[in-house]
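Reading the structure
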Amino acid sequence: MATILALETSCDETAAAVVRDRVVLSTVVASQIDIHQPYGGIVPEVASRHHVITLGESISVALAQAGVGWDAIDGVAATCAPGLVGALLVGLTAGKTLAMVHQKPFLGIHHLEGHIYANYLASADLQPPYLCLLVSGGHTSLIEVKGCGQYQTLGQTRDDAAGEAFDKVARLLGLGYPGGPIIDRLAQQGNPQTFPLPEGNISLAEGGFHPYDSSFSGLKTAVLRLVEKLRSEGVDPLPVADLAASFQATVARSLTRRVVACARDYGLTTVAVGGGVAANSGLRLHLQRAAAEHGLRVIFPPLSLCTDNAAMIGCAAADHFNQGDRSGLGLGAQSRLDLARVMDLYAPIPVT
Ligand code: KG4
Ligand code: ZN
């Protein structure tokens, strides 16, 4: 059993949590959405500065709400890759410093492994192997989870990530930031069949389409052209609810098709979903229907654990801790790191 203090500052949420294996003792998320909203997207320098301001208080609150002192903490974990380097450095430096001061082991955690682990907080009985659809602001991947730290990417987007597509379409519809939750809300009042949109298939040199890879930039451009056409025809106001519903259903259909093909081809009967777009109601509906039709078990984290949080980082860290993984205090932040290289985070690194 491992009790972990976990920190997450890879993007625009400052988060701290205390997790005991797969039980969340406390979780604190200080969102920066209001701060970045006027810019229409995340400003990395502003994100880093706000993590510095908010992290100390978030850690104190997480420890107090968990009702544990330092004597009960077995290890300290922080997200170290991938993400905005300046933002990552805040949590990583705080985590390493606390580990050193309190003489606890330190573990750097891969952000996407955290999103995968959010599923264990919903379903403690989840066991590898299973397929994970990771859909966030920066990633869209189909991953075979073979065990703690053991991942094989089977499919991915060739251009925009799913969350990025939601954010860009929301921006072109003038809906604000972040686009995913806004489109999701609007889509519930619209008709998804109003506008047929292209799913975005990746052609193969030998003919046919890649069964698992996706593309969302063509879909985004199709929405842009459609909006330009409606405007040129004098349609005012734009039917934003129908546009949002049609776009969301196209993304959900495209992802679901790939999940089903991949699960079938690799003989995986359980599908877990992670990342901010896992909160999307259209995706949940399409995947649940397909799961019932194809005899798959599909698992979603609770909504609060789909977007960035430290509980998922703590959950991943507890598993690594229990299998003996430790990071060196020389571990740095990395803007990119393939999920297949997670175990590199636990290779011995000399303190420089
Ligand atoms: O996982 P996350 O919090 O941060 C990253 O690691 O990227 O994901 C953020 C992304 C944003 O693009 C946001 O628009 C999207 O997740 N998102 C959603 C929903 N909630 C958040 N997309 C679709 N529907 C939602 N309900
Ligand atoms: Zn994330």
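Residues numbered from 1 in each chain as written. Chains lettered and ligands numbered in written order. Predicted model: local features only at pLDDT ≥ 70, side-chain atom pairs only at ≥ 80, totals over all residues. Heavy atoms only, no water.

Around ligand 1, a shell composed of 20 residues is seen, among which Gly 137, Asp 167, Asp 184, Gly 276 and Asn 280 lie nearest. His 115 is positioned with one of its side-chain polar atoms (N or O) 3.0 Å from an oxygen atom of ligand 1. At a separation of 2.9 Å, a nitrogen atom of ligand 1 approaches a polar side-chain atom of Asn 280. Considering ligand 1 on its own, with 550 Å² of exposed area, one finds that the protein chains cover 89% of that surface. If you list the elements that add at least two residues to the shell around ligand 1, you get helix 4 (111–122), helix 5 (162–172) and helix 6 (179–187). Of all the elements, helix 6 adds the most residues to the shell around ligand 1, at four residues. Split by residue class, the shell around ligand 1 holds five nonpolar, twelve polar and three charged. When residues of the shell around ligand 1 are assigned to domains, at least three fall in each of domain 1 (3–117 + 306–346) and domain 2 (128–303). (Near = heavy atom within 4 Å. Polar contact = N/O pair within 3.5 Å; in protein donor to acceptor, adjacent residues only side chain to side chain. Areas by Shrake-Rupley, 256 points an atom, 1.4 Å probe, with all protein chains shown as cover. Helix = DSSP H or I, 4+ residues; strand = E, 2+ residues; numbered from the N terminus. Nonpolar A, V, L, I, M, F, W, Y, C, P; charged D, E, K, R; others polar. Domains from an automatic or database assignment.)

The zinc ion (ligand 2) binds to the protein through His 111 (NE2), His 115 (NE2) and Asp 308 (OD); the donor distances cover 2.0 to 2.1 Å. Read in sequence order, the donor residues coordinating the zinc ion (ligand 2) give the pattern H-x3-H-x192-D. Of this pair, His 115 sits in helix 4 while Asp 308 sits in the loop between strand 10 (297–299) and helix 10 (311–322), and the two are 193 residues apart along the sequence. Across this residue pair, the class does not change: His 115 and Asp 308 are buried. (Donors = N, O, S within 2.8 Å, 3.2 Å for Na, K, Ca; no water. Buried < 20%, exposed > 50% of the residue type's maximum accessible area, 1.4 Å probe, protein only.)

Partitioning the chain into structural domains gives domain 1 (3–117 + 306–346) and domain 2 (128–303). Summarising the inter-unit geometry, the C-alpha centres of domain 1 and domain 2 are found 27 Å apart. In this complex, domain 1 contributes 21 residues to the contact, which on the side of domain 2 involves 21 residues. Taken together, both faces of the contact between domain 1 and domain 2 bury some 1700 Å²; the carbon and sulfur share is 66%. (Contact = heavy atoms within 4.5 Å. Buried area = accessible area lost by both parts, 1.4 Å probe.)

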